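# A structural walkthrough
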Amino acid sequence: MTSEPTESRKQRAARRAGEFPPPPEPLPVAVPDSHTHLDITVTEAGVPGVPSGPSSAPEDAAATLDAAASSGVAGAAANAVATTGALAAVDPLAAAEAVAVADSGLLTDPVEAIVQVAAAVGVDRLVQVGVDVESSRWGVEVAGRHRAVVATVALHPNEAPRLADLDAALREIETLAAQDRVRGIGETGMDFFRTGEEGRAVQEESFRAHIAIAKRYDKTLVVHDRDAHADVLRILDDEGAPTTVVLHCFSGDAEFAAECVRRGYLLSFAGTVTFASANALRAAAALTPPEQLLVETDAPYLTPTPHRGRPNASYLIPLTVRSLAATTGLDLETLCRHLSANGERAFGPWR
């Protein structure tokens, strides 16, 4: 997960609501989204394919968003239903579409709506990623209900220094790690962009503890690395890496990629690889063997070109995959087969 400037949940939701891009051309072979945040997507951005709009009563909209923030999926459904009446006044067609979605039952479970929209374009498996105890518990519950979703559990590196009792939170994560639908420990790691030097010792303590949990339960380690490449490698080398390590939202250059590849890690590329300014990132992707590539959204963040700045969701993965195919020189179908196999090796089988 990427961090953004301090902004209230309601402000973020208002900024993103109703702005999902149209679906791209489907992929020839289905691939997984190796890193997404369904909880954040439904509470801050909504659901792709479900029309939404401003409430006619701002105070009602604020109450609805508070409910969405506190109740996750159910809150997002309430938000979508609440906007339908307002839509009818300004866009009868959109309102009719919203009613059709509600009649189909998707609004009662926005996660299912996201899963279906993604599957329609060839993204048929999702990894729901935890960033704290609450989101980790939520992810385990959702993975238990949706066979297309598996979970990872962890304390985000920016979360660890804020905790009053890190040990207690780590015990909660370890309890969740034992469950079958939990396939990874993450996102954990180091972040020197949002956390200053005063918090780095706690980040490192948390990272080392997560590495140990991943090894005890033989789970894939999902690593968040922001401006901390050398320290991430140092700690992994010190502790001895788990069998499978994923560098989530890979952000390094070719030199760092080569070090990760040499260690056998999987490099997961997000929509950032499509950005015009991302030449160093594309150079890193180009030297990564196809057996070590993954693709992700980090939704609702890092939306690929040409929709940068709008909310992201798993159904937009084909844009990133096509960019990776062009960067690596791999045939699109061949790349998709590698991405699918690598996802199953790291997190599967899903069903």
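Going by the structure above, here's the rest.
Now for a description of the structure that goes with this document. Here the structure is a predicted model, which is why all the values come from computation and not from measurement.

Definitions and cut-offs
- Residue numbers run consecutively from 1 along every chain, following the written order of its sequence.
- Two thresholds apply to this predicted model, a pLDDT of at least 70 for residue-level local features and 80 or more for giving and counting side-chain atom pairs, whereas whole-chain, interface and lining totals are computed over all residues.
- In computing side-chain values, all of the structure's heavy atoms are included and hydrogens and water are not.
- Between Lys or Arg on one side and Asp or Glu on the other, a salt bridge is scored when a side-chain nitrogen of the former is within 4 Å of a carboxyl oxygen of the latter.
- Summary of the burial criterion: residues with accessible area below 20% of their type's maximum are buried, those above 50% are exposed, and those between are partly exposed, where the area comes from a 1.4 Å probe applied to protein chains only.
- In DSSP terms, a helix is any run of H or I states spanning at least four residues, a strand is any run of E spanning at least two, and both are numbered starting from the N terminus.
- The criterion used for residue contact is that any of the two residues' heavy atoms lie within 4.5 Å.
- Ring pairs are drawn from Phe, Tyr and Trp, using the six-membered ring of Trp, whenever the two centres fall within 6.5 Å, and their geometry is named by plane angle: stacked under 30 degrees, edge-to-face over 60, tilted for the rest.

For side chains of opposite charge, pairing can occur when their charged atoms come near one another. By the definition in use, this model includes 18 salt bridges. A salt bridge links D124 to R125; the shortest N-O distance between them is 2.7 Å. According to the relative accessible area criterion, R125 is buried, its value standing at 7%. Of the charged contacts, one joins R145 and E141 as a salt bridge, the two residues approaching to 2.5 Å between their closest N and O atoms. In this pair, R145 and E141 both sit in helix 7 (residues 133–145), 4 residues apart, roughly one turn of the helix. Judged by its relative accessible area of 39%, E141 is partly exposed.

This part covers the environment of Y217. With respect to the element layout, Y217 can be found in helix 9 (residues 197–217). Those residues within four positions of Y217 in sequence are excluded, and the remaining contacts are E174, A177 and A178.

Attention shifts here to the packing of aromatic side chains. This model, assessed by the stated rule, comprises 3 aromatic pairs. Ring geometry for F250 against F256: centres 5.4 Å apart, planes inclined by 15 degrees, an arrangement best described as stacked. Neither residue differs from the other here; F250 and F256 are each classed as buried. Ring geometry for F250 versus F269: centroids 5.6 Å apart, planes at 55 degrees, classification tilted. With F250 in the loop between strand 6 (245–247) and helix 11 (254–262) and F269 in strand 7 (residues 266–269), this pair connects stretches of sequence that are 19 residues apart. Each member of the pair, F250 together with F269, is buried.

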